[in-house]
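What the coordinates show
Here's the letter readout for the chains.
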Amino acid sequence: MRAFEASVVGLFSGGARVTFLKEHSSATRSAREKPLAVVVITYNSADTLDGLLDTLAEGLRGLDRTEVVIADNASADDSVDRAQAHSIGARVVHTGWNGGYSAGINAALATIRKDADVLILNPDIRLSPGAAARLAGVLRQHNIGVAVPRILHEDGGLFHSLRREPSLQTAWVDALLGTKLGSGLDRGECVCDSAQYAAPGIVDWASGAALAISAEARAEVGDWDETFFLYSEEVDYQRRIRAAGYRIAYVPQAEVVHIGGEYSRNERLYAILTANRIRDYARHHGWVSTAMFRVAVFTGEVLRSLRGSTVHRAGAAAAVKRLPERYVTRPLLSRVSKA
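Not measured: the values here are computed from a predicted model. Every residue gets a number counted from 1 within its own chain, in the order that chain's sequence is written. This being a predicted model, a pLDDT of at least 70 is required before a residue's local features are given, and a value of 80 or more before pairs of side-chain atoms are given or counted; all residues contribute to the totals for chains, interfaces and linings. Just so you know, side-chain values use all the structure's heavy atoms and leave hydrogens and water out.

What follows concerns the overall build of the protein chain. The secondary structure content of the protein chain amounts to twelve helices and 13 strands. Any residue under 20% of the maximum accessible area for its type is buried, any over 50% is exposed, and the rest in between are partly exposed; the area is computed with a 1.4 Å probe on protein chains only. Counting only residues that meet the buried cut, the protein chain has 58% of its 339 residues in that class. Contact definition: two residues touch when any of their heavy atoms are within 4.5 Å. Here the analysis covers contacts within the protein chain between residues at least 6 apart in sequence; of these, 77% occur between residues at least 24 apart. Element-wise, carbon and sulfur atoms account for 52% of the exposed surface of the protein chain, whose accessible area totals about 13,600 Å². Only runs of H or I of at least four residues qualify as helices and only runs of E of at least two qualify as strands under DSSP, and these elements are numbered from the N terminus. Only the protein chains shown count as cover for residues, and all accessible areas are computed by the Shrake-Rupley method using a 1.4 Å probe.

On the surface, a nonpolar cluster with roughly 490 Å² of combined accessible area is contributed by Leu176, Leu177, Leu185, Leu303 and Leu306. Tracing the sequence through the fold places Leu176 in helix α6 (residues 168–177). The exposure class of Leu176 is exposed, given its relative accessible area of 55%. A patch consists of residues exposed above 30% relative accessible area that lack any salt bridge, with like charges linked at up to 9 Å and nonpolar side chains (Val, Leu, Ile, Met, Phe, Trp, Tyr) linked at up to 5 Å. Put simply, a salt bridge is a Lys or Arg side-chain nitrogen that is within 4 Å of an Asp or Glu carboxyl oxygen.

This paragraph deals with the layout of surface pockets. Using a probe with the size of a water molecule, rolled over the atoms, empty space left in the structure can be pinpointed. Taken as a whole, the second largest pocket encloses approximately 180 Å³ of empty space. Lining the second largest pocket, in full, are Asn106, Leu109, Ala110, Lys114, Ala215, Arg218, Ala219, Gly222, Asp223 and Tyr237. Listed by contribution, the elements that provide at least two residues to the lining of the second largest pocket are α4 (101–109) and α8 (215–221). Considering each element in turn, the lining of the second largest pocket owes the most residues, three residues, to α8. Of the residues assigned to the lining of the second largest pocket, the class counts are five nonpolar, two polar and three charged. Every definition here rests on a 1 Å grid over the protein atoms only: cavities are sets of points where a 1.4 Å probe fits but cannot get out, pockets are open sets enclosed by protein on both sides within 12 Å along at least five of seven lines, and lining residues have some atom within 4 Å of a point. Grid points are joined across faces, edges and corners, and a volume is the space filled by probe spheres set on the points. In this classification, Asp, Glu, Lys and Arg are treated as charged, Ala, Val, Leu, Ile, Met, Phe, Trp, Tyr, Cys and Pro as nonpolar, and every other residue, Gly included, as polar.

This brings us to the packing of aromatic side chains. Aromatic rings from Phe, Tyr and Trp, taking only the six-membered ring of Trp, are treated as a pair when their centres fall within 6.5 Å; an angle between ring planes under 30 degrees marks them as stacked, one over 60 as edge-to-face, and anything in between as tilted. Scanning the entire structure with this criterion turns up three aromatic pairs. Ring centres of Trp224 and Tyr237 lie 4.2 Å apart, and the angle between their planes is 10°; on these two criteria the pair is classed as stacked. In this pair, Trp224 sits in the loop between α8 and α9 (233–243) while Tyr237 sits in helix α9, placing the two residues 13 residues apart along the sequence. When sorted by exposure, Trp224 lands in the same class as Tyr237, which is buried. Plain terms: the ring middles of Tyr281 and Phe293 are 4.0 Å apart, the flat faces sit at 10° to each other, and that makes the pair stacked. Within this pair, whereas Tyr281 is found in helix α10 (residues 267–282), its partner Phe293 is found in helix α11 (residues 287–305), the two being separated by twelve residues in sequence.

With that out of the way, let us pick up the confidence of the model for the protein chain. The predictor attaches a confidence to each residue, called pLDDT, with possible values from 0 through 100. Considering every residue of the protein chain, the mean pLDDT works out to 86; 82% of them sit at 70 or more. Across residues 23–30 the pLDDT falls below 50, and counting only partners more than four positions away or on other chains, this stretch makes twelve contacts in the model. Segment residues 324–337: pLDDT under 50, and 56 contacts once partners within four positions in sequence are set aside and those in other chains are kept.

Note that a disulfide, as used here, is simply two cysteine sulfur atoms within 2.5 Å. Applying the stated rule across the entire model yields one disulfide. Here Cys190 pairs with Cys192 through a disulfide, and the sulfurs are 2.3 Å apart. Judged by the sign of its S-S torsion, about 105°, the cystine formed by Cys190 and Cys192 is right-handed. For Cys190, a relative accessible area of 6% gives the class buried.

Of all nine residues in α4, eight are buried, a share of seventy percent or more. Residues Tyr101, Ser102, Ala103, Gly104, Ile105, Asn106, Ala108 and Leu109 constitute the buried set of α4.

With that settled, consider the nonpolar core. Residues belong to a common nonpolar core when they are buried Ala, Val, Leu, Ile, Met, Phe, Trp, Tyr or Cys residues joined through side-chain atoms within 4.5 Å. The biggest cluster of nonpolar side chains holds 39 residues, and the ones touching the most others in it are Ile112, Ile120, Leu162, Ile213, Trp224 and Ile241. Considering each element in turn, this core owes the most residues, four residues, to α4. Ranked by size, the runner-up nonpolar core spans 38 residues in total, among them Val38, Leu53, Ala133 and Leu139.

All right, on to the pattern of salt bridges then. Scanning the model with the defined rule gives 14 salt bridges in all. In this structure, Lys34 engages Glu216 in a salt bridge whose closest nitrogen and oxygen atoms are separated by 3.3 Å. Here Glu216 lies in helix α8 and Lys34 lies in the loop between α1 (25–33) and β3 (36–42), a separation of 182 residues in the sequence. Glu216 sits in the partly exposed class, given a relative accessible area of 39%. Its salt-bridge partner being Arg113, residue Asp115 comes within 2.6 Å of it at the nearest N-O pair. Through salt bridges with shared partners, a single ionic network connects Lys34, Asp117, Arg140 and Glu216.

Before going further, it helps to spend a moment on the side chain of Lys34. Residue Lys34 is classed as buried on the basis of its relative accessible area, which comes to 16%. A 3.5 Å cut-off defines polar contacts: any pair of N or O atoms within that distance qualifies, except that in protein one atom must be a possible hydrogen donor and the other a possible acceptor, and neighbouring residues in sequence count only when both atoms are side-chain atoms. At 3.4 Å, the side chain of Lys34 and the backbone oxygen of Asp115 are in polar contact. Among the polar contacts made by the side chain of Lys34, one reaches the side chain of Glu216 at a distance of 3.3 Å.

Now for the environment of Phe229. Position of Phe229 relative to the elements: it lies in the loop between α8 and α9. C-alpha separation for the pair Phe229 and Ser102, spaced 127 residues apart in sequence, amounts to 6.5 Å.

One can expect most non-glycine residues to show negative phi and most peptide bonds to be in trans. Even without a glycine there, the phi angle at Tyr231 is positive, about 80°. Of note, Tyr231 is situated in the loop between α8 and α9.

A few words now on the packing of α10 against α11. Packing of α10 against α11 brings their axes to within 9 Å, and their N-to-C directions diverge by 160°. Judged on the interaxial angle alone, α11 and α10 are roughly antiparallel. Along this stretch, α10 crosses α11, giving a crossing that reads as right-handed. Contacts between α10 and α11 pair Tyr270, Thr274, Arg277, Ile278, Tyr281 and Ala282 from the former with Ser289, Thr290, Phe293, Arg294, Val297 and Glu301 from the latter. Class assignment for the residues of the contact of α10 with α11 results in six nonpolar, three polar and three charged. Where helices are involved, their axes are fitted lines through C-alpha atoms of the stretch in contact, as for all axes, and angles between N-to-C directions lie from 0 to 180°. Should an angle fall under 35 degrees it is taken as roughly parallel, and over 145 as roughly antiparallel, whereas 65 to 115 is taken as roughly perpendicular and any remaining angle as oblique. Each helix crossing is assigned a hand: it is left-handed if the near helix lies turned anticlockwise from the far helix by less than a right angle, otherwise right-handed if that turn is clockwise.

Rendered as C-alpha cells:
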C-alpha cells in the first residue's frame, strides 16, 4: 500500500483547518491482522449486485481475514440467488422484511464477530483494487472511528460525498444560493469544491454509500437508528461517532465508483430524504430553530420547483408535512440505495 504524507486540508470541519495523519506500514500490518466484514444491504438489487461482488476480490486485496455478508430485505427478485451463486462466497442474512437501510445493517452486524471492523457498501458500489485495505489501515490511526473513500460517478466524475453538520446557516445558504455556490463560499452543507477532495482530512460526515467503521467505534456507538428507514441515518450515526470522541477520516487513496443516485429522480424517495433532514435536525434543536430550518428547506424546494421539477415539488410538500416517526412501507423502493 502506498504511504501518504500528512496534509493540511482546508475547511472541512467547522471552518477550521485540519492537519491529517500519516499512513505507515505498521498501520497496514495492523489492518491485515484485524478481521474485516463487508456488509451489503440488498432489496431487489439483482441488477447491480453482481457488479459489486465482481470487484470485491481485488477491492479486498491486502486483507487476510475477511468475510462478505449480504443482508437482504426480503427481495422479490433473485438478489439472494445471485449472492449465493457468486464465487466470492457471501453469507446471506435474511431480515424477513424491508425494514430499511439501518435495519439491514443492524441485522448483518448482529451476526458479525465483535472484534471485526466493518465496511458497509451499497450494492451499486464498485471497489478499486486495495480500497478496503486503505480504509482499514486508516481505522488504526488514533481516534479514527470511520473512514470514507473518494467516490466517483460511473463516468469517472467526482461525486461530492463529503458534508458539513446541518445548521440554520447551511440550510439557508443552500436554499438561497444553491448547493454548489453555497459550498464554494464555505457555508453550505455539501463540500462541493473539488479541490477539497484531493488530500485526506477530517470531516463532519459523508455519504453512507461506502464507509468503514472500526470495531471499537461500533461497539461504543451501538446500533444504527432504524426509525429513519432511508436517508439521514448516516448523519445520525456519524454524529454519534463524533460524540463518542472518534473522528471521521476522508481517504482519497481509497476510490470507489457509485452508480446510484435514484433520489434525485424519484419523487417519493426525495420526499423521504427531505422529511428526514428536518426530523434529524429537530432531534437536536428547539422548536424555534427547527421551524426556521423547515422554512429554509421549504424555500429552497419551492425555488427549485419553479422550473417545473416535480421532484422538488414533492420535496416542498414533504417539508411542511410531518411523517410518522417510523416511516416504513415494504414496497416503497425498487432497491435500497444510499447517495
